[in-house]
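# Close look at the chain arrangement
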Amino acid sequence: MTSDTQPDAQPEATPEASTTASPWEDLERYVEQPRLNSLEVAPDGSWLLAGIQTINPDRTGYVTALWRIDPHGERAPHRLTRGVEGESAAAILPDGSVVFTSDRQLPKPGSQDADQPGERDKALWCLPALGGEAHVLARREGGWRRVQAARRGRRLVCTVGMRAGLEADADRELRVSRGRTEVHAILHEGGGVRYWDQDLTSDTVRFLTAELPTGSDLVLGSKDLRAVAGDLGRQLADDAVLSADGSFLVGSWTDRLPRGQRRTKLVRIDVDSGELTDVVAAEGDDFHQPVISDDGSLLACVRSVPGSPQEAPHVHLHLVDLTTGEHHDLAADWPRWGSPVAFSPDKATLYVTADEDGAGPVFAVDLATGQVRRLTGPGAHSAVRVAPDGSALYALRAAWNEPPTLVRIDPRSGDSTVLHSTVPDLRLPGRLERVETTADDGARIPGWLILPDGACAEQPAPLVLWVHGGPLNSWNAWSWRWCPWLLVSRGRAVLLPDPALSTGYGRDFIQRGWGRWGAEPYTDSLAITDAVEAREDIDQSRTAMMGGSFGGYMANWMAGHTDRFRCIVSHASLWNLETFGTTTDAPWFWDREMSPEMMRANSPHHAADQITTPMLVIHGDKDYRVPIGEGLALWWALVSNHDGPEAELPHKFLYFPDENHWVLTPQHAMVWYQTVRAFLAHHLDGTPWQRPGRL
């Protein structure tokens, strides 16, 4: 078991949110809580660069500032950037300078910069290591997708988008012309039209590189940025990672196959010559998530065998020797779906994250034996980084009782030391418990139960069953967007189950529900609800259900197959599987998984006339993963099946014209929770329906 220690001098909690009211009672205070969202380690290991997100002055979005964090926790964090527009895509140069992108106002013509700014130029900024104001390093029409700096040397590699078939000057002219004439039309000539909430264009991924001169006032003109390779087409993704010496990149390349299908391999791009070669590819397999060893000789990745309507995917860690080309699966018998994050400097260990039994630990995989050792204890870990000398790992750790917190991990013992939390004094309005039950087939069904303060046999709490999305997912990490504590603070108990199809319990647990969405995932959720309702501190007569994405699918399925719930909240939900599969942003993925028979057997819309439970339907029009047509069809089914006057319709439809799958802006997140809490209060507590003020 690992321990969790605090440094002797705990850094001050900064930035600060308003403390005039509890964030669980005041949504204005809740949405302004600062949030850790990124982490990098300086090349010399002497400091950490963290991104901390705060609400913008208009309270209509979030912006990220860059902070310097002491890796030993002895000095308080220091804020590096203060741009009103926020910063992103940051990289640390070997001398300690920080390169980042921002929508800050560009210098006026006549400044020291060699290239004059255009109306739509986006800048790359540099904050000198010794301090002073950030200055423009480079600018280009179309902006910058990603910035990477070699950990050794002065090489910078920027990922950008350019229109297919065009070079830099022609690409700039086209973008300026389209912007000036307000042309937004897109001509597609292949699969891939949308992604989550983005309309895909015919842009292709390109790489621009530069050898940065020494000095504190770095400036690059357009001639200093050299194209790494020519137009590689739309097959290359923008996830390529740069080797430590800056000599090559490795990224995902998608082969587009007949009938809209695709396979992904990994390719190597030589930064000097632009030569492109295959790193690892195999018919029927996908390779992704590359990680390169510090000396550039080894590569770790994920090899996945796509699923079929009958079989869940097989996912393996894969190791490639970049000097010989030999490759093989690593820890082939390990029953977890691991994601590689970093090699140890001596190449003896590969660090991996994976879901496991309601947590997301860091694991250490011995490269010689394939033996897997769980390194960390509770919590889900992300943004894992390794100190250059291998003496420590750094990560953002989160759990349902801990917002993302920056920790240092001892790679030998797994002991974790808290370095920084943006909300160290956030008092939770209840307690967290691990619960489980057993399904009829003997499978263990686990979950988390969050109980409000004061819940007991004399004062049992009403229950909200909240099913997760995915469906290949697990309730194991804090979420600012899907936060059960905002319901717990109103006296609700919240059950977060991991039914069949959940990750962290082995592939057999996933296979139980594969192609059977309306079977085991449904019966598992009800079984653990039964077990929790039997507790003395739960009021079994007042239970509601809610879910988003796949959880929204389950909400719709439950609405048509049981009347046990007082009300149901269905967010971004799948309603008609036969129409969803061809209108989502990834139809080729669902074409692999959902056969016509599976869709007919598991589509909620077939039971529309059986729905009697009041439903709150929520959907955003910019949701391309579960398109708005699903929400509209569900809403019409509820309206058209209602026999009484429309004024007596028990259902509600909360529609966001400009939000995506999650509803992310702070003002709309508040409306979301105001509406959900009012709907639950009406049906669980019997209070009169009260329309939220901003609606």
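Residues numbered from 1 in each chain as written. Predicted model: local features only at pLDDT ≥ 70, side-chain atom pairs only at ≥ 80, totals over all residues. Heavy atoms only, no water.

### Focus: the pattern of salt bridges
For the structure shown, the criterion picks out 52 salt bridges. Note that Lys622 is salt-bridged to Asp199, the shortest N-O span being 3.7 Å. Of this pair, Lys622 sits in the loop between β38 (615-620) and α10 (628-640) while Asp199 is found in strand β13 (residues 198-199), placing the two residues 423 residues apart along the sequence. What makes Lys622 partly exposed here is its relative accessible area of 28%. Several salt bridges share partner residues, and in doing so they unite Asp26, Glu28, Arg29, Glu32, Arg59 and Arg694 into one network. (Salt bridge = Lys/Arg side-chain N within 4 Å of Asp/Glu carboxyl O. Helix = DSSP H or I, 4+ residues; strand = E, 2+ residues; numbered from the N terminus. Buried < 20%, exposed > 50% of the residue type's maximum accessible area, 1.4 Å probe, protein only.)

### Quick notes on the pairing of strand β10 (residues 146-149)
Inspection of the sheet shows β10 paired to strand β11 (residues 155-163) by four bridges, in the antiparallel sense. Considered in β11, the bridge of Arg146 is made with Thr159. Where β10 hands over to β11, the hairpin turn is made up of five residues, of which Gly153 adopts a positive phi near 100 degrees. (Pairing = 2+ DSSP bridges.)

### Looking at the environment of Asp440
Note on placement: Asp440 falls in the loop between β32 (430-438) and β33 (444-452). Its relative accessible area of 86% is what places Asp440 among the exposed residues.

### Quick notes on the sheet that holds strand β24 (residues 339-343)
With antiparallel pairing, the four strands of this open sheet are ordered in space as β24-β25-β26-β27. Since the sheet does not close on itself, it has two edges, and those belong to β24 and β27 (372-374), each with one partner. Within this sheet the neighbouring strands show an average axis-to-axis angle of 30 degrees, counted without direction. Where strand β26 (residues 362-366) and β27 come together, three bridges link them in antiparallel fashion. When the sheet's bridge partners are listed, Ala364 is paired in β27 with Arg373. (Axes fitted to C-alpha atoms, helices over the stretch in contact; angles between N-to-C directions.)

### Quick word on the packing of helix α5 (residues 520-533) against helix α6 (residues 550-561)
The contact between α5 and α6 brings their axes to 11 Å, and the two run at 80 degrees. By the criterion of interaxial angle, the relationship of α5 to α6 is roughly perpendicular. Across the interface between the two elements, Pro521, Tyr522, Ser525 and Leu526 from α5 touch Phe550, Met554, Trp557, Met558 and His561 from α6. For the contact of α5 with α6, the residue count by class is seven nonpolar, two polar and no charged. (Parallel < 35°, antiparallel > 145°, perpendicular 65-115°, else oblique. Contact = heavy atoms within 4.5 Å. Nonpolar A, V, L, I, M, F, W, Y, C, P; charged D, E, K, R; others polar.)

### Section: the nonpolar core
Core analysis: the largest hydrophobic core is formed by 49 residues, its most contacted members being Trp517, Met545 and Met554. For this core, the leading source of residues is α6, giving seven residues. Residues Trp466, Trp478, Met546 and Phe656 belong to the second largest nonpolar core, which totals 42 residues. (Core = buried A, V, L, I, M, F, W, Y, C linked by side-chain atoms within 4.5 Å.)

### A look at the sheet that holds strand β15 (residues 226-227)
For sheets, the rule is that strands pair by backbone hydrogen bonds, running either parallel or antiparallel. What the four strands build is an open sheet, ordered β10-β11-β14-β15; its pairing is antiparallel. Unpaired on one side and paired on the other, β10 and β15 mark the two borders of the sheet. Its contacts with the sheet place helix α2 (residues 168-181) against β11 and β14 (203-211), and it is angled at close to 55 degrees to β11.

### A look at the side chain of Ser479
Along the chain, Ser479 falls in the loop between β34 (461-467) and α3 (485-488). Here Arg481 takes part through its backbone nitrogen, which lies 3.3 Å from a polar atom of the side chain of Ser479. Within the local environment of Ser479, its side chain forms a polar contact with the backbone nitrogen of Trp482, the two atoms lying 2.8 Å apart. (Polar contact = N/O pair within 3.5 Å; in protein donor to acceptor, adjacent residues only side chain to side chain.)

### Details of the packing of aromatic side chains
Enumeration according to the criterion identifies 21 aromatic pairs in this entry. An angle of 55 degrees between the planes, with centres 5.7 Å apart, marks the rings of Tyr30 and Trp480 as tilted. Here Tyr30 is found in helix α1 (residues 27-31), whereas its partner Trp480 is found in the loop between β34 and α3, with 450 residues between them in sequence. Seen from their ring centres, Tyr505 and Phe509 are 5.3 Å apart, and the 55 degrees between their planes marks the pair as tilted. Given a relative accessible area of 7%, Phe509 falls into the buried group. Site record: aromatic cluster; members linked through ring pairs are Trp517, Phe550, Tyr553, Trp557, Phe580, Phe589 and Trp590. When the ring centre of Trp125 is taken as origin, the NZ or CZ atom of Arg104, which lies over that ring, is 5.4 Å away. Against the face of Trp672 rests Arg481, its NZ or CZ located 4.5 Å from the ring centre. (Phe/Tyr/Trp six-rings, centres within 6.5 Å; stacked < 30°, edge-to-face > 60°. Lys NZ or Arg CZ within 6 Å of the ring centre and 35° of its normal.)

### A short note on unusual backbone geometry
Pro471 follows Gly470 through a cis peptide bond whose omega is 0 degrees. Here Ala89, not a glycine, exhibits a phi torsion of approximately 50 degrees, which is positive. When you line up the elements, Ala89 lands in strand β6 (residues 87-92).

### Some remarks on the side chain of Glu533
If you trace the backbone, Glu533 turns up in helix α5. Judged by relative accessible area, which is 9%, Glu533 ranks as buried. There is a polar contact of 2.6 Å between the side chain of Glu533 and the side chain of Thr543. Not counting chain neighbours up to four residues away, the residues in contact with Glu533 comprise Leu463, Ile538, Gln540, Thr543 and Arg564.

### Quick notes on the state of the cysteines
Under the defined criterion, the tally for this structure stands at zero disulfides. This cysteine, Cys158, is not joined by any disulfide, and Cys126 carries the nearest cysteine sulfur, 12 Å off. On the basis of relative accessibility, which here comes to 0%, the residue Cys158 falls in the buried class. Here Cys483 stays free of any disulfide, with the sulfur of Cys567 as its closest cysteine sulfur at 19 Å. (Disulfide = S-S within 2.5 Å.)

### Some points on the confidence of the model for the protein
Residues of the protein with pLDDT of at least 70 account for 95%, and the chain-wide mean is 93. Predicted confidence is poor over residues 5-13, with pLDDT under 50, and the contacts of this stretch with residues over four places away or in other chains come to 25 contacts. (pLDDT = per-residue confidence, 0-100.)

### A closer look at the pairing of strand β20 (residues 286-292)
Among the seven residues of β20, five are classified as buried, and the element is accordingly described as predominantly covered. Relative to strand β21 (residues 298-305), β20 runs antiparallel, the two sharing five bridges. Among the inter-strand pairings, Ile292 is bridged to a residue of β21, identified as Leu299. Between β20 and β21, which follow one another and run antiparallel, lie five residues, and Gly296 among them has a positive phi close to 80 degrees.

### Topic: α10
Over its 13 residues, α10 runs 18 Å from end to end, which matches the ideal 18 Å to within 8%, given 1.5 Å per residue. Buried within α10 are the following residues: Ile628, Glu630, Gly631, Leu634, Ala637, Leu638 and Val639. On the buried face of α10, the contacting elements are α6, β37 (568-571), α7 (577-583), β38 and β39 (652-656). (Expected span 1.5 Å × (residues − 1).)

### Section: the environment of Gly307
Here Gly307 lies in the loop between β21 and β22 (314-321). Residue classification places Gly307 among the buried positions, given a relative accessible area of 15%. In this structure, the C-alpha to C-alpha distance between Gly307 and Leu451, residues 144 residues apart in sequence, is 38 Å.

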